[in-house]
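# Structural overview for review
Chain by chain, the residues:
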Amino acid sequence: MKRIITLVVQNRSGVLNRVTGLMHKRQFNIESISVGRTEQEGISKMTFVVDVEDHRKLEQLTKQLNKQIDVLKVTDLSEKAIVARELALIKIVSNAGVRNEVQGIIEPFRASVIDVSKDSLSVQVTGKPEKIEALINLLRPYGIKDTARTGLTAFSRGSQPQSAELTQYSLLK
Amino acid sequence: MKTEKTVTPKKSAAASMQTGADVLVEALIEQQVETIFGYPGGAVLPIYDALYRSEAEFEHILTRHEQGAIHAAEGYARVKRKAGVVLATSGPGATNLVTGIADAMMDSLPLVVITGQVATNVTGTDAFQEADFMGITTPITKHNYQVQSSYDIPRIIKEAFHIASTGRPGPVVVDIPKDISAKPCFETDQSPFHLPGYHPTFKPNPIQIKKLGEALKKAKKPLILTGAGVLHGGGSDTLKKLVERFDIPVTSTLLGLGAFPGDHPLFLGMAGMHGTYTSNMAITDCDLLINIGARFDDRLTGNLEHFAKNAVVAHIDVDPAEIGKNVPTHIPIVSDAGAALQEMERQLESGPEDHQAWLEELHYNKDAYPLWFNNPPEGMTAQWAVKKIYEATDGDAIVTTDVGQHQMWAAQYFQFTRPDRWVTSGGLGTMGFGFPAAIGCQLACPEENVIAIVGDGGFQMTLQELSVLQERNLPVKIVILNNQALGMVRQWQEEFYEERYSESLVSCQPDFVKLADSYSIRGVKIESQKDFEEQIGELMSYNGPVLIDARVIQQENVFPMVPPGRGINDMVGVKP
Ligand SMILES: Cc1ncc(C[n+]2csc(CCOP(=O)(O)OP(=O)(O)O)c2C)c(N)n1
């Protein structure tokens, strides 16, 4: 099962190595990582999407992460109502002829064109991974030159619904 | 682990011109460090110079290999319940420590390991004697630091000792680039440390202890399993009181031996792969298993499908990640074992109401299926020799071992009646551990008898430390149970590889007596029971180091045994 786990960490050297090394040692598959600073100085936040076999393994993972000296907080967001986003940049082959067409495709995704050259065009899109996947698929026929994705980042919503309603908010069924 | 005494750091000759290394030495004094095990080299020259100039009364033990230093520090830490300190140079000095760091991590021993590193201006250039020691040790340390500025040294050293010796103890590495220790240091961070991500739980949740009390009352077949956590938590006395008050039988892991007296009527012997039949059957049949400070390691549990299937499992552990890791747990108790035992003593008013039949069954098993071995008239078995050492010393000794058959026999036949007298490499199973560990034990406890029971294989991995015995005249008694084989490997080849003894019979070996002699150490070779019996008493009480080359029968196997992959109830070699 896929889980979204966020870590609040002290931004000290080696902390990312410690966390990913631990996951590697205990055989957890990391699907994506995103790391960035927080509003607090010296504190960073990491968001992991990991593939975990079962609940016992998941418990091991969070406990082992909690044990790390520079890890301040571990949160498993998977069962919460969350806001989760990923950003992708997609560069496709294009010429003046197809630009309008592409505009039409990306509009419903609220994506935007961020760079244009003689023979290429770059699009920026934000959203859940499925949405990004869908846009990439639609753009594929034009010829994709390059993509760059940030990996998922997430946090819990301001108010949490009753657990019965959760599934509709949950990102990972 | 904390001592009250405060020491005012002595100023080095030119206090105003302190180097980073001087600051380090002061920080070590503040931590009440008495003994450092180490080996010098380029990247730690400034630190060795600071030690030389310091007026502090450190004892620096120069081992003859860094591995010897770290195993000695482990032995020291184990019997002194205080962090062992190791110092080594960058690159090869540091990598020679890796085995010991991993060993200490597995067996939860508090160590502060200080390594030199190449200077910051060449870090990352594959400079001479550069090894990425942070990268190498991240998976095998409780925590590690690379010092970025001498300003941080006092804080980092405080943190390192605190982390190493609290909660679940473990090794902490502090890697110090040469320029940082060499250059003058004008300002240091003397603020108390701040570790917002580290709050080990010490006291148990009283509600959980209450639950345990209720389960105990109802239990008809209760059993306590002790692990090294009881020793770390200093819980042995409380445990004994509780056990005697409620008549609860006790078994132990390898590392927990001595937490409860080995000669006590309620003690069933060690459990696990080479445990007693009584202990393993007790785990299989019990209806309440109270694990105090053990981590349900696979050498204890055997195949988990057959482990304690009939039991309500209570698990007291200072490390929450151990609870439920291998064995589903009904009553989890995150706590220091000593604190949990005290809370049990405070809360529990009555014990099991109806467990007489259980006690009788266990006593019957103990009588009917004791540990056993053949004792042929010709030659000598290692089991017999261990028994004789036990008798000759009245069990009053600190015993260290290496890894192999002799280790299991020492665990089986030497009964530990007090805590912190048994020092062995359990989790990592490190050959070469026993002898240097004994050096550390003897330095920690100069008045005690220290015996290193080792195999001829493992002893040859770290025997260079004989120099330390010679130099300091440490009265360690080395008993080589010499079967001219890598005995445990030979046993597995006999049992599971149709006697194909691939690289395990080693008849070519040094003359150990001459070897001892060359270090001016008394060496004795003993080949018969008669000689052993006649000499062992005198040898054990000899006022100085002794090396005994005890020739034992090669073909002996450690029994009983749980074959790999089987449940612990499925033992071979139980007394017929
Ligand atoms: C460093 C290391 N290498 C290899 C092993 C594998 N091993 C486990 S027991 C053993 C044999 C030990 O032989 P010896 O020291 O003579 O002791 P004995 O079993 O004969 O008592 C070996 C090779 C180990 N535990 N540690």
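Residues numbered from 1 in each chain as written. Chains lettered and ligands numbered in written order. Predicted model: local features only at pLDDT ≥ 70, side-chain atom pairs only at ≥ 80, totals over all residues. Heavy atoms only, no water.

Taking an unreviewed UniProt entry as the reference, chain B is identified by name as Acetolactate synthase belonging to Alkalicoccus saliphilus. The heading Catalytic activity (unreviewed entry) in the UniProt record of chain B holds the text "2 pyruvate + H(+) = (2S)-2-acetolactate + CO2". Taken from UniProt, the Sequence similarities (unreviewed entry) comment for chain B reads in full: "Belongs to the TPP enzyme family." (UniProt positions renumbered as here; feature names shortened; annotations may be inferred.)

Where an unreviewed UniProt entry is consulted, chain A appears under the name Acetolactate synthase small subunit, with the organism given as Alkalicoccus saliphilus. Of the comments in the UniProt record for chain A, the one headed Catalytic activity (unreviewed entry) reads "2 pyruvate + H(+) = (2S)-2-acetolactate + CO2".

### Comments concerning the sheet that holds strand E4 (residues 71-76) of chain A
Residue and element names in this part refer to chain A. Reading across the sheet, the 4 strands line up as E2-E3-E1-E4 and stay open at both edges, with antiparallel pairing between neighbours. At either margin of the open sheet sits one strand with a lone partner, and together these are strand E2 (29-37) and E4. Pairs of neighbouring strands in the sheet enclose a mean axial angle of 20°, with direction left out of account. Strands strand E1 (2-10), strand E3 (43-51) and E4 of the sheet are contacted by helix H2 (residues 55-67), whose axis makes an angle of about 10° with E1. (Pairing = 2+ DSSP bridges. Helix = DSSP H or I, 4+ residues; strand = E, 2+ residues; numbered from the N terminus. Axes fitted to C-alpha atoms, helices over the stretch in contact; angles between N-to-C directions. Contact = heavy atoms within 4.5 Å.)

### So, the interface of chain A and chain B
The interface is formed by 18 residues belonging to chain A together with 25 residues belonging to chain B. Summed over both partners, the interface of chain A with chain B comes to about 1,600 Å²; 46% of that surface belongs to carbon and sulfur atoms. Of all residues in chain A, Arg 18, Arg 56 and Ile 69 of chain A bury the most surface against chain B, accounting for 41% of the area lost on that side. Run the count over chain A and chain B and you get 2 salt bridges. Linking chain A with chain B are 8 residue pairs in polar contact (both at pLDDT 80 or more), by the criterion used here. (Buried area = accessible area lost by both parts, 1.4 Å probe. Salt bridge = Lys/Arg side-chain N within 4 Å of Asp/Glu carboxyl O. Polar contact = N/O pair within 3.5 Å; in protein donor to acceptor, adjacent residues only side chain to side chain.)

### Structural notes on the sheet that holds strand E6 (residues 171-177) of chain B
Residue and element names in this part refer to chain B. With respect to topology, 6 strands assemble into an open sheet ordered E2-E1-E3-E4-E6-E5, the strand pairing being parallel. What marks the edges here is a single partner per strand, and that holds for strand E2 (59-62) and strand E5 (143-146). Between one strand axis and the next, the sheet turns by 20° as a mean value, whatever way the strands run. Pairing of strand E1 (residues 35-38) with strand E3 (residues 84-88), which is carried by 3 bridges, proceeds in the parallel orientation. Counted as the bridge partner of Phe 37 is Val 86 from E3. Helix H5 (residues 98-106) contacts strand E4 (111-117) and E6 of the sheet and is inclined by roughly 145° relative to E6.

### Overview of the domain arrangement of chain B
Residues and elements named next belong to chain B. By the assigned domains, chain B splits into domain 1 (13-182), domain 2 (206-368) and domain 3 (382-551). A straight line from the C-alpha centre of domain 1 to that of domain 3 covers 29 Å. Counting residues at the interface gives 24 residues for domain 1 and 28 residues for domain 3. Carbon and sulfur atoms supply 61% of the area buried between domain 1 and domain 3, which totals about 2,100 Å² over both sides. Of all residues in domain 1, the largest losses of buried area upon contact with domain 3 belong to Arg 64, His 71 and Val 79, amounting jointly to 29% of the total for that side. At the surface where domain 1 touches domain 3, the tally comes to 4 salt bridges. Its salt-bridge partner being Glu 471, residue Arg 64 comes within 3.1 Å of it at the nearest N-O pair. Here domain 1 and domain 3 share 11 residue pairs in polar contact (both at pLDDT 80 or more) between them. Secondary structure elements with two or more residues in the side of domain 1 that touches domain 3: E2, helix H3 (66-80) and H5. (Domains from an automatic or database assignment.)

### Quick word on helix H7 (residues 153-165) of chain B
Residue and element names in this part refer to chain B. The first and last C-alpha atoms of H7 sit 18 Å apart over 13 residues, in line with the 18 Å expected at 1.5 Å per residue. Burial of H7 is extensive: 13 of the 13 residues sit out of reach of the surface. Just beyond H7, the residue with positive phi is Gly 167, at close to 60°. (Expected span 1.5 Å × (residues − 1). Buried < 20%, exposed > 50% of the residue type's maximum accessible area, 1.4 Å probe, protein only.)

### Some words on helix H1 (residues 20-30) of chain B
Residues and elements named next belong to chain B. Taking burial as the measure, the 11 residues of H1 include 10 buried ones, the bulk of the element. When H1 is considered as a whole, its buried residues turn out to be Gly 20, Ala 21, Asp 22, Val 23, Leu 24, Val 25, Glu 26, Ala 27, Leu 28 and Ile 29. On its buried face, H1 sits against E1, helix H2 (45-53), E4, H7, E6 and helix H8 (178-182).

### Description of the domain arrangement of chain A
How large an interface is tends to be reported as the accessible area lost when its parts come together. Residue and element names in this part refer to chain A. The domain boundaries assigned to chain A delineate domain 1 (2-76) and domain 2 (84-153). The distance between the C-alpha centroids of domain 1 and domain 2 comes to 30 Å. Both faces combined, the contact of domain 1 with domain 2 buries some 360 Å², and carbon together with sulfur accounts for 57% of it. At the junction of domain 1 with domain 2, the criterion picks out 0 salt bridges. Taken together, the elements giving at least two residues each to the side of domain 1 that touches domain 2 come down to E2 and E3. The element contributing the most residues to the side of domain 1 that touches domain 2 is E2, with 3 residues.

### As for the packing of helix H3 (residues 96-106) of chain A against helix H4 (residues 129-139) of chain A
All names here are of chain A. The interhelical angle for the contact between H3 and H4, taken along N-to-C directions, is 155°, at an axis separation of 11 Å. Considering the angle they form, H3 stands roughly antiparallel to H4. The two elements H3 and H4 cross, and the hand of that crossing is right-handed. Residue-level contacts link Val 102, Ile 105 and Ile 106 of H3 to Leu 135, Leu 138 and Leu 139 of H4. For the contact of H3 with H4, the per-class residue count stands at 6 nonpolar, no polar and no charged. (Parallel < 35°, antiparallel > 145°, perpendicular 65-115°, else oblique. Left-handed = near helix turned anticlockwise from the far one by under 90°. Nonpolar A, V, L, I, M, F, W, Y, C, P; charged D, E, K, R; others polar.)

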